[in-house]
Amino acid sequence: MAAVKQQVKATVKKFDFFGLTAGGDKQRPGEQFGCELGIDMGSTKVYVAQMVNGGPAALCGDIAVGDQVLAIDGRELDSNGSSGGVKLGQLVDGEKGQPIWLKMQRAKAADGESEPEKYNVRLLRQDPLADSWTWSGAPEIVWNAVPDLANKTVKSVGGLIPGAPKITGEGVGLDLKKGSAGEICVKSIAPGGSAWLRMHPPPLEGEPALFAVDDQILEVDGVSMAKKSLFEVDSLLHGHPYTRVHLKLRRGEGVMEVDLLRAPQLPAPKLPNAQKYKAEIAACPEIPPLERTNRREGTRVLFAPKIAGLVP
């Protein structure tokens, strides 16, 4: 075990911000949008090493520890996290309130898939909503073989009933109950929890909510919930902060699947700020300026836009 830890220290490099400072201290790369980026010195790929509680990356509800960063603001990353000679620190640098677009790839492929899913997120650079900078990340990460962190013990959050075994780790913000036939259902959605964040901003009129009271949980990470106790199901939903859990739900006659992050619940005074942030993100363009073809959407702040399909 000691040899493995030494290997991790030798093979995982965490960049500083190349001399850029905030408050006199060097920033971690990605700190402006709430995550720390690390690089695999073998493959030179950039990964999410840690997330800050209540930071922009955590609020988006999509980014998990161990996910790979493929592109920043439309610029594909190459060796050592750079892009066309522009270093990682320069790519992620920006003023508070400025958006940043990330192209990501999940740490692991879903069941039945040949490779991990790629996805896009947009974030706003800002300080975390939490009262202090609290980082949560994998205690040991070997990027060439990202481990399953779902069962890591982080902290005790108490049992469901007095005298019951304790559940460890962070949950997804869903309180559970047993239905009339013994099925596992959603009892309530905790404000500030992971599920609540994914439901904001609210859906458009006529569109269904992502979660609802009485939704039945059919599977957690491919495991059937039939004949499971409330404690067993809640234990599966808890795990290491900012790891992903896959749910299959039934609502009426319909069945849907959704991913959530295990994450600390935001305190009640911070919920209006979280709602405001989610609304501001929803109003941002979905693609970065570098990838836009409409000259009216172009910007000259960082890079010239594509015009009429032509690459500048």
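Definitions and cut-offs
Residues numbered from 1 in each chain as written. Predicted model: local features only at pLDDT ≥ 70, side-chain atom pairs only at ≥ 80, totals over all residues. Heavy atoms only, no water. Helix = DSSP H or I, 4+ residues; strand = E, 2+ residues; numbered from the N terminus. Buried < 20%, exposed > 50% of the residue type's maximum accessible area, 1.4 Å probe, protein only. Contact = heavy atoms within 4.5 Å. Disulfide = S-S within 2.5 Å. Core = buried A, V, L, I, M, F, W, Y, C linked by side-chain atoms within 4.5 Å. Salt bridge = Lys/Arg side-chain N within 4 Å of Asp/Glu carboxyl O. pLDDT = per-residue confidence, 0-100. Pairing = 2+ DSSP bridges. Expected span 1.5 Å × (residues − 1). Arc of directions from axis to C-beta.

If you tally the helices and strands in the chain, you get 6 helices and 16 strands. Per-residue burial over the chain gives 43% buried out of 312 residues. A separation threshold of at least 6 residues defines the contact pool for the chain, and within that pool the share at least 24 residues apart is 60%.

Now for unusual backbone geometry. Omega for the bond connecting His200 with Pro201 falls within 30 degrees of zero, at -5°, which places this linkage in the cis form. Mapped onto the fold, Pro201 is located in the loop between α4 (194–198) and β13 (216–220). Notably, Asp214 is not glycine yet its phi reads approximately 80°, a positive angle. Along the polypeptide, Asp214 turns up in the loop between α4 and β13. Phi at Lys227 takes a positive value of approximately 65°, unusual for a residue other than glycine. As for its position among the elements, Lys227 is in the loop between β14 (223–224) and α5 (230–237). Look at Lys227 and you get exposed, because its relative accessible area is 86%.

Applying the stated rule across the entire model yields 0 disulfides. In this structure Cys35 is a free cysteine whose sulfur lies 9.0 Å from that of Cys60, the closest cysteine sulfur available. Since its relative accessible area comes to 1%, Cys35 is described here as buried.

This part covers the nonpolar core. In this structure, Met51, Ile63, Ile72, Leu102 and Leu123 are the most contacted members of the largest nonpolar core, which totals 38 residues. Look past the residues within four positions of Ile72 in its chain and what remains in contact with it is Leu77, Leu88, Leu91, Val92, Ile100, Trp101 and Leu102. Core analysis: the second largest hydrophobic core is formed by 17 residues, Val186, Val233, Leu247 and Leu260 among them.

A few words now on the environment of Ser188. As for its position among the elements, Ser188 is in strand β12 (residues 184–189). According to the relative accessible area criterion, Ser188 is partly exposed, its value standing at 26%. C-alpha separation for the pair Ser188 and Phe211, spaced 23 residues apart in sequence, amounts to 9.5 Å. Ignoring any residue separated from it by four or fewer positions in sequence, one finds Ser188 in contact with Gly173, Leu174, Asp175 and Val213.

Now for the environment of Phe211. Take Phe211: it is sitting in the loop between α4 and β13. Phe211 gets classed as buried once you look at its relative accessible area, which sits at 1%. Sequence-distant contacts of Phe211, that is, excluding residues within four places in its chain, are made with Leu174, Ile189, Ala195, Met199, Leu247, Leu249, Arg251, Val258 and Leu260.

Looking now at the pattern of salt bridges. Considering all chains together, one arrives at 9 salt bridges under this definition. The partner of Lys103 in a salt bridge is Glu76, with the nearest N and O atoms 3.6 Å apart. In this pair, Lys103 sits in strand β8 (residues 99–105) while Glu76 sits in strand β7 (residues 75–76), placing the two residues 27 residues apart along the sequence. Among the residues examined, Lys103 registers a relative accessible area of 28% and is labelled partly exposed. Overlapping salt bridges, with partners in common, bring together Arg106, Glu117 and Asp259 in one network.

Taken as a whole, the chain shows an average pLDDT of 78; of its residues, 73% reach a score of 70 or greater. Looking over the chain, one finds the lowest element-wise mean pLDDT in strand β2 (residues 21–22), namely 30, and the highest in β13, namely 96. Predicted confidence is poor over residues 294–312, with pLDDT under 50, and the contacts of this stretch with residues over four places away or in other chains come to 24 contacts.

Turning our eyes to something else, we now look at the pairing of strand β16 (residues 254–261). Pairing of strand β15 (residues 244–251) with β16 involves 8 bridges; the strand directions are antiparallel. Paired with Arg251 across the strands is Gly254, a residue of β16.

Glancing now at the environment of Ala190. Note that Ala190 resides in the loop between β12 and α4. For Ala190, a relative accessible area of 10% translates into the label buried. Separated by 15 residues in the primary sequence, Ala190 and Asp175 have C-alpha atoms spaced 7.1 Å apart. Excluding residues within four positions of it along the chain, Ala190 makes contact with Gly173, Trp196 and Gln265.

Moving on to helix α6 (residues 271–283). For the α-helix, the turn length of 3.6 residues means that residues three or four positions removed from each other point alike. The first and last C-alpha atoms of α6 sit 19 Å apart over 13 residues, in line with the 18 Å expected at 1.5 Å per residue. Within the sequence span of α6, burial applies to Leu271, Ala274, Tyr277, Lys278 and Ile281. Along the long axis of α6, the arc covered by the buried residues comes to 120°, so they all point the same way. α6 presents Pro272, Lys276 and Ala283 as exposed residues on the side facing more than 90 degrees away from its buried surface. Looking at the buried side of α6, the elements it contacts are α2 (56–60), β9 (118–124) and α4.

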